[in-house]
Amino acid sequence: MGESEGPTRILVTGGSGLVGRAIQKVVADGAGLPGEEWVFVSSKDADLTDAAQTRALFEKVQPTHVIHLAAMVGGLFRNIKYNLDFWRRNMYINDNVLHTAFEVGTRKVVSCLSTCIFPDKTTYPIDETMIHNGPPHSSNFGYSYAKRMIDVQNRAYFQQHGRTFTAVIPTNVFGPHDNFNIEDGHVLPGLIHKVHLAKSSGSALTVWGTGTPRRQFIYSLWVRRTRSPSGRPLKLWRTPWTSTGKSSLIQASLTGSLRRRPVTASCGPTCQTSNSRPSSRL
């Protein structure tokens, strides 16, 4: 991450979240380089939807680099319910962080996107050149379009000002400090929570959906620091699983039955398998 232009101060927004906490552990375990100073912040330190608070944070920290993880996030059902909120809050956060980084002279910003931003109707495997080839799935269009605009802004800052603002695109991240809320969290921590409840009560494990959509997952501690000199987004991925496969895997320690409950709400895209060639060359 560091260049030869003096001390490196790395600001990590969303530092108390899933990926932020993982980066904190990796750095604490010795992954940081000599001369690096890491500053992890959360919403308790500044409301990044507010331009003035964002500016005050950047002026205080004076980062040479930013890893931008802060976002309003949630699982499928929360996205369906609050698409407008996901759009507005994330647009404010992203614009404030990127533009303030530009104004204070930050040398590099690496933002975190998601494979859910890709077109709903597309060919597989997906890669970073296909982000804008069609509308995202209707279930999370607010979040998806807000995240897509980071790619647009990155290219514009590079074209107009030569700034190396870029992004990584991990698949579904899971790990310690995840959101295990069954209603609002993502699929894997939600399933883990359901298995825990079923095992504790001796009841059957009930899984929502059809079991056919395919997803890829990456453990939070495997998400490494990456960069792209051109400002092009980079992909991070792992092997795809269906929800049936995930449920069976998590259920290995559970003595009891598995029951599937169809839902009338969307199950999300049927497939999100991705091509990892750009990230594997780093």
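Check the entry above for the structure.
An account of the accompanying structure is given in this report. (Residues numbered from 1 in each chain as written. Predicted model: local features only at pLDDT ≥ 70, side-chain atom pairs only at ≥ 80, totals over all residues. Heavy atoms only, no water.)

Attention now moves to a nonpolar patch on the surface. Judged by side-chain polarity, Leu 84, Trp 87, Phe 141 and Tyr 145 come together as a nonpolar surface patch covering roughly 380 Å² of accessible area. Secondary-structure elements contributing two or more residues to the nonpolar patch are helix 4 (83–104) and helix 5 (141–161). Mapped onto the secondary structure, Phe 141 falls in helix 5. For Phe 141, a relative accessible area of 40% puts it in the partly exposed group. (Patch = residues over 30% accessible without salt bridge, like charges linked within 9 Å, V, L, I, M, F, W, Y side chains within 5 Å. Areas by Shrake-Rupley, 256 points an atom, 1.4 Å probe, with all protein chains shown as cover. Salt bridge = Lys/Arg side-chain N within 4 Å of Asp/Glu carboxyl O. Helix = DSSP H or I, 4+ residues; strand = E, 2+ residues; numbered from the N terminus. Buried < 20%, exposed > 50% of the residue type's maximum accessible area, 1.4 Å probe, protein only.)

Of the two faces of strand 3 (residues 65–68), the one holding His 65 and Ile 67 and the one holding Val 66 and His 68 are both buried throughout. Direction of pairing for strand 3 relative to strand 4 (residues 108–112): parallel, over a ladder of 4 bridges. Across the sheet, Ile 67 pairs through a bridge with Val 110, a residue of strand 4. (Pairing = 2+ DSSP bridges.)

Moving on, we come to the packing of helix 4 against helix 5. Close contact between helix 4 and helix 5 brings their axes to 8 Å; oriented N to C, the two are set at 20°. One element, helix 4, and the other, helix 5, form an angle in the roughly parallel class. The handedness of the crossing between helix 4 and helix 5 comes out as right-handed. Taking contact as the criterion, the partners of Asn 83, Phe 86, Trp 87, Asn 90, Met 91, Asn 94, Asp 95, Leu 98, His 99 and Phe 102 in helix 4 are, on helix 5, Phe 141, Gly 142, Tyr 143, Tyr 145, Ala 146, Met 149, Ile 150, Gln 153, Asn 154, Tyr 157 and His 161. Per-class residue counts for the contact of helix 4 with helix 5 are 12 nonpolar, 8 polar and 1 charged. (Axes fitted to C-alpha atoms, helices over the stretch in contact; angles between N-to-C directions. Parallel < 35°, antiparallel > 145°, perpendicular 65-115°, else oblique. Left-handed = near helix turned anticlockwise from the far one by under 90°. Contact = heavy atoms within 4.5 Å. Nonpolar A, V, L, I, M, F, W, Y, C, P; charged D, E, K, R; others polar.)

Turning to the pattern of salt bridges, a few remarks are in order. Taken as a whole and assessed by the stated rule, the structure comprises 6 salt bridges. Close ionic contact of Asp 120 with Lys 121 constitutes a salt bridge, the shortest N to O distance being 3.9 Å. On the accessibility criterion, Lys 121 (72% relative accessible area) is exposed.

Centre-to-centre distance and the angle between the planes together describe a pair of aromatic rings. This structure, assessed with the given rule, holds 4 aromatic pairs. On the numbers, 6.2 Å between centres and 85° between planes, the contact of Phe 86 with Tyr 143 is edge-to-face. Here Phe 86, found in helix 4, pairs with Tyr 143, found in helix 5; they are 57 residues apart in sequence, far enough to count as distant. When its relative accessible area of 0% is taken as the criterion, Phe 86 is described as buried. Aromatic side chains Tyr 157 and Phe 165 sit 5.2 Å apart centroid to centroid with 55° between the ring planes, which places their arrangement in the tilted category. (Phe/Tyr/Trp six-rings, centres within 6.5 Å; stacked < 30°, edge-to-face > 60°.)

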